[in-house]
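# Residue-level structure breakdown
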Amino acid sequence: MNITLPNNWHPRPYQVPLWNYLCAGGKRAVVCAHRRWGKDDVSLNHTACAMLERRANYGHMLPEYEQGRKAIWDAVNPKTGIRRIDEAFPVGMRNPSGGTDKQAMKIVTQPDGNGRVSTWQVLGSDNYNSLMGTSYAGIVKSEEALSDPSAWAYLSPILRENDGWAMFISTPRGHNHFERLLKTAMSTEGWYGEISSVEKTNVFTTDELQMELVQLQDLHGNTFGKSLWLQEYFCSFDAAIPGSFWAESLDALQLRGAICTFEHDRAKPVFTVGDLGRTDDTAIWFYQIEGDQLDIVDYWAGNGCEIYDPLNPDRSICHLLLMKAAQH
């Protein structure tokens, strides 16, 4: 039987950069994307292709093992009425003898001319120790922001030894290991890193997004409901953190690349603005003006400080400013 992979699937326009990276042999991809972006679709179809290109073991890991049964193994595509695994891994590519193990959530390919097979299995980061002794050439870590980071610490050397690939796909869940992994991907040569919010993909209409917002606010209240909305659809790492008042503004800056490392102009003056406190923190921002642009170059916060205290220079704001001036 002739099989063409991907099986009746094509990447959406906004998925093409990721798909091209993977097809070109990319080894590490980290994608922070909104709900219904199609993260698992891309990963399942890439894995199916990889299984026939290189005979080896592959895995699709959810935060919890039982989540994998619901979200991947038993999940049905509502547009086609066909299970997602049957679309990505058509029956024709499976071994006729034991190629589908429902209990273990495992698929085995037909052997090639040399008798070699590939396996794919649903996994859980909550039980990664059970993988002891298993070798992988490719792993998808779905909903990585909710997973146990120790699972990647275990899998990473295995994939490195096997020259294998890994995909990390998730929506944000605050400032955790997934955000750090994403920053690594976006700043490391050879890695693929992407933040893809609804503003980039246009998957939802304005009315659909507004309806989602109303429903979340009905369930969780106006403030936290909007925070969840920003998290799930606008890829906010700050929004759903209680007390994060400026999260929406920071996310907008992040998405347009305005939060980055840069060298400030040492020939120009640095200005400060502060919020003085005694029992709470004193906060000071350091900035430069470049035309109509404001460049924030440094920040400091601390409590129990005096404006000027010559006997305790570590607790003196004047000494702090003099020290900063000497450094810059």
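In this text the structure is predicted, and so the values were computed from the model without any measurement.

Parameters and conventions
- Residues numbered from 1 in each chain as written.
- Predicted model: local features only at pLDDT ≥ 70, side-chain atom pairs only at ≥ 80, totals over all residues.
- Heavy atoms only, no water.
- Helix = DSSP H or I, 4+ residues; strand = E, 2+ residues; numbered from the N terminus.
- Buried < 20%, exposed > 50% of the residue type's maximum accessible area, 1.4 Å probe, protein only.
- Contact = heavy atoms within 4.5 Å.
- Areas by Shrake-Rupley, 256 points an atom, 1.4 Å probe, with all protein chains shown as cover.
- Lys, Arg positive; Asp, Glu negative; His and termini not counted.
- Charge placed at Lys NZ, Arg CZ, Asp CG, Glu CD.
- Phe/Tyr/Trp six-rings, centres within 6.5 Å; stacked < 30°, edge-to-face > 60°.
- Lys NZ or Arg CZ within 6 Å of the ring centre and 35° of its normal.
- Salt bridge = Lys/Arg side-chain N within 4 Å of Asp/Glu carboxyl O.
- Core = buried A, V, L, I, M, F, W, Y, C linked by side-chain atoms within 4.5 Å.
- Pairing = 2+ DSSP bridges.
- Right-handed = clockwise from strand over helix to strand, strands pointing away.
- Expected span 1.5 Å × (residues − 1).
- Polar contact = N/O pair within 3.5 Å; in protein donor to acceptor, adjacent residues only side chain to side chain.

### Looking at the overall build of the protein chain
A count of helices and strands for the protein chain gives eleven helices and 13 strands. For the protein chain, the C-alpha atoms occupy an extent of roughly 80 × 45 × 35 Å along the three principal directions. Out of the 328 residues in the protein chain, the part that is buried amounts to 45%. Taking the intrachain contacts of the protein chain between residues at least 6 apart in sequence as the baseline, contacts between residues at least 24 apart amount to 58%. Carbon and sulfur atoms make up 52% of the accessible area of the protein chain, which totals about 18100 Å². Positive and negative side-chain charges in the protein chain, numbering 30 and 40 respectively, have mean positions lying 8 Å apart.

### Describing the packing of aromatic side chains
Evaluated as defined, the whole model comprises 13 aromatic pairs. In textbook terms, an aromatic cluster arises when at least three aromatic residues are bridged by ring pairs, as seen for Trp-73, Phe-89 and Trp-120. For the cation-ring pair, Lys-324 lies above Phe-286, with the distance from its terminal atom to the ring centre recorded as 5.8 Å.

### Here's the deal with the pattern of salt bridges
Under the counting rule described, the total for this entry stands at 16 salt bridges. Between Asp-86 and Arg-94 there is a salt bridge, with its nearest N and O atoms 2.7 Å apart. A salt bridge links Lys-183 to Glu-179, with the shortest nitrogen-to-oxygen separation between them at 3.9 Å. Here the residue Lys-183 and the residue Glu-179 both occupy positions in helix H6 (residues 177-187), the gap between them amounting to four residues, near one helical turn. Here Glu-179 falls in the buried class, since its relative accessible area comes to 11%. Members of the salt-bridge network, linked through shared partners, are Arg-35, Glu-143, Arg-173 and Glu-232.

### Concerning the nonpolar core
Formed by 35 residues in total, the largest nonpolar core has its most connected members in Leu-18, Val-42, Tyr-58, Phe-89, Trp-120 and Met-167. Among the elements that line this core, the one with the most residues is helix H2 (residues 39-53), at six residues. With residues up to four places along the chain from it excluded, the contact list for Leu-18 reads Ala-29, Val-31, Trp-37, Val-42, Met-167 and Tyr-192. Counting 24 residues, the second largest nonpolar core, distinct from the first, contains Cys-32, Trp-152, Ile-158 and Cys-235.

### Quick word on the pairing of strand E8 (residues 138-142)
By the criterion of burial, E8 is predominantly enclosed, with five of the five residues buried. Of the two faces of E8, the one holding Gly-138, Val-140 and Ser-142 and the one holding Ile-139 and Lys-141 are both buried throughout. Sheet topology places strand E2 (residues 57-62) next to E8; four bridges connect them, and they run parallel. If you follow Gly-59 over to E8, its bridge partner there is Ile-139. Bridge count between E8 and strand E9 (residues 165-170): five bridges; the pairing is parallel. Within E9, the residue paired with Ile-139 across the bridge is Ala-166. In this fold, E8 hands off to helix H5 (residues 149-161), which returns the chain to E9; that crossover is right-handed.

### What about H2?
If you check H2, its first and last C-alpha atoms are 21 Å apart, about what 15 residues at 1.5 Å a residue would give, namely 21 Å. For H2, the buried fraction is high: twelve of the 15 residues fall into the buried class. Residues of H2 that are buried include every one of Lys-39, Asp-40, Val-42, Ser-43, Leu-44, Asn-45, His-46, Thr-47, Ala-48, Cys-49, Ala-50 and Met-51, and no others.

### Here we look at the sheet that holds strand E1 (residues 28-33)
An order of E5-E6-E7-E2-E8-E9-E1-E10 is seen for the eight strands of this open sheet, with the pairing classed as mixed. Each edge of the open sheet carries a strand with a single partner, namely strand E5 (100-101) and strand E10 (191-196).

### What about the side chain of Lys-141?
By the element assignment, Lys-141 lies in strand E8. Lys-141 sits in the buried class, given a relative accessible area of 1%. At a separation of 2.5 Å, a polar atom in the side chain of Lys-141 contacts the side chain of Glu-144. Here Ser-147 takes part through its side chain, which lies 3.4 Å from a polar atom of the side chain of Lys-141. Lys-141 has contacts with Met-61, Ser-147, Asp-148, Ala-151, Trp-152, Leu-155, Met-167, Phe-168 and Ile-169, leaving out every residue within four places of it along the chain.

### Details of the environment of Thr-201
Residue position: Thr-201 is located in helix H7 (residues 198-201). What makes Thr-201 buried here is its relative accessible area of 9%. Filtering out sequence-adjacent residues up to four positions away, Thr-201 remains in contact with Tyr-14, His-34, Trp-37 and Ser-196.

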